[in-house]
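Residue-level listing of the chains:
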Amino acid sequence: MRLLARIILFIFLLLLTFWMHVFFFYTLPFPFRAINTIFVVLFFVLWWRESGSVVWISFFVHLLTEFVSDLPFGITMFSGTVSVLVGYWLYVNVFTNRSWYAISLLLVVTIALFRLSFILLLVVHAFLFDSHFSFAPIIQFTLWEAGITTGVFLVISAAVSRLFFRFRPERIR
């Protein structure tokens, strides 16, 4: 019964994260549409659970976003999953402090890795299939995404850390 409850919670979290991301991306105006709610939710799950399950959540959520994306299949999924995997490894081995600034810096690094691998895969795709794209909008969107997503995460984490003892930096593992 407990396994069934965990599976239902996992599926609910996946769908909720996906729909929040799609809703914010398609309804908000430009600077605010750059909020990557997937990474905000993933980093709260990472901060709360301190588990590698965040990589699986990332894989399945990015798989769902592939179905509504106009990009070649696999670019977003691969970039998102690999960047969260590297982010989890950095969380476990490098950024061991549970403070808000450590997790925020890790979020910026993970978004940068996500967009770097995303751009590299787009370049490979453009080279192989002779398609064209412009780097300027991608770089501009990446800067907005890193800034606004980290800002939203900081605001929410400040509120959550006051409410829940688990998120306080004094509670070191």
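None of these values were measured; they are calculated from a predicted model.

Chemist: For the overall build of the protein chain, give the residues involved together with the corresponding values.
Modeler: Broken down by element type, the protein chain carries seven helices and zero strands. Ordering the α and β elements of the protein chain from the N terminus gives α-α-α-α-α-α-α. Relative to a compact globule of 173 residues, whose C-alpha radius of gyration would be 16 Å, the protein chain shows 16 Å and is just as compact. The 173 residues of the protein chain split such that 40% are buried. Summed over its atoms, the accessible surface of the protein chain is roughly 10,100 Å², and 76% of this surface lies on carbon and sulfur atoms. Each charge class in the protein chain can be summarised by its mean position, and for the 11 positive and 6 negative side chains these summaries are 18 Å apart.

Chemist: Tell me what's going on with the side chain of threonine 110, and back it up with residues and numbers.
Modeler: Structurally, threonine 110 can be placed in helix 6 (residues 100-129). Of the polar contacts made by the side chain of threonine 110, one reaches the backbone oxygen of leucine 106; its length is 2.8 Å.

Chemist: Break down helix 1 (residues 2-27) for me, citing the residues and quoting the values.
Modeler: With 26 residues, helix 1 should cover 38 Å at 1.5 Å per step; its first-to-last C-alpha distance of 37 Å lies within 8% of that length. Lining the buried residues of helix 1 we find helix 3 (37-49) and helix 4 (53-67).

Chemist: Give me the lowdown on the packing of helix 3 against helix 4, citing residues and values where you can.
Modeler: Axis separation between helix 3 and helix 4 bottoms out at 10 Å; the angle between their running directions is 165 degrees. It follows from the interaxial angle that helix 3 and helix 4 lie roughly antiparallel. Read as a crossing pair, helix 3 and helix 4 show a hand that is right-handed. Counted together, Ile38, Phe39, Leu42, Val45 and Leu46 of helix 3 and Val54, Ile57, Ser58, Val61, His62 and Thr65 of helix 4 form the full contact between these two elements. Across the contact of helix 3 with helix 4, the residue classes tally to eight nonpolar, three polar and no charged.

The rules behind each value
Residues numbered from 1 in each chain as written. Predicted model: local features only at pLDDT ≥ 70, side-chain atom pairs only at ≥ 80, totals over all residues. Heavy atoms only, no water. Helix = DSSP H or I, 4+ residues; strand = E, 2+ residues; numbered from the N terminus. Rg over C-alpha atoms; globule rule 2.2 N^0.38 Å. Buried < 20%, exposed > 50% of the residue type's maximum accessible area, 1.4 Å probe, protein only. Areas by Shrake-Rupley, 256 points an atom, 1.4 Å probe, with all protein chains shown as cover. Lys, Arg positive; Asp, Glu negative; His and termini not counted. Charge placed at Lys NZ, Arg CZ, Asp CG, Glu CD. Polar contact = N/O pair within 3.5 Å; in protein donor to acceptor, adjacent residues only side chain to side chain. Expected span 1.5 Å × (residues − 1). Contact = heavy atoms within 4.5 Å. Axes fitted to C-alpha atoms, helices over the stretch in contact; angles between N-to-C directions. Parallel < 35°, antiparallel > 145°, perpendicular 65-115°, else oblique. Left-handed = near helix turned anticlockwise from the far one by under 90°. Nonpolar A, V, L, I, M, F, W, Y, C, P; charged D, E, K, R; others polar.

In short, shape yes, function no, at least from these values alone.
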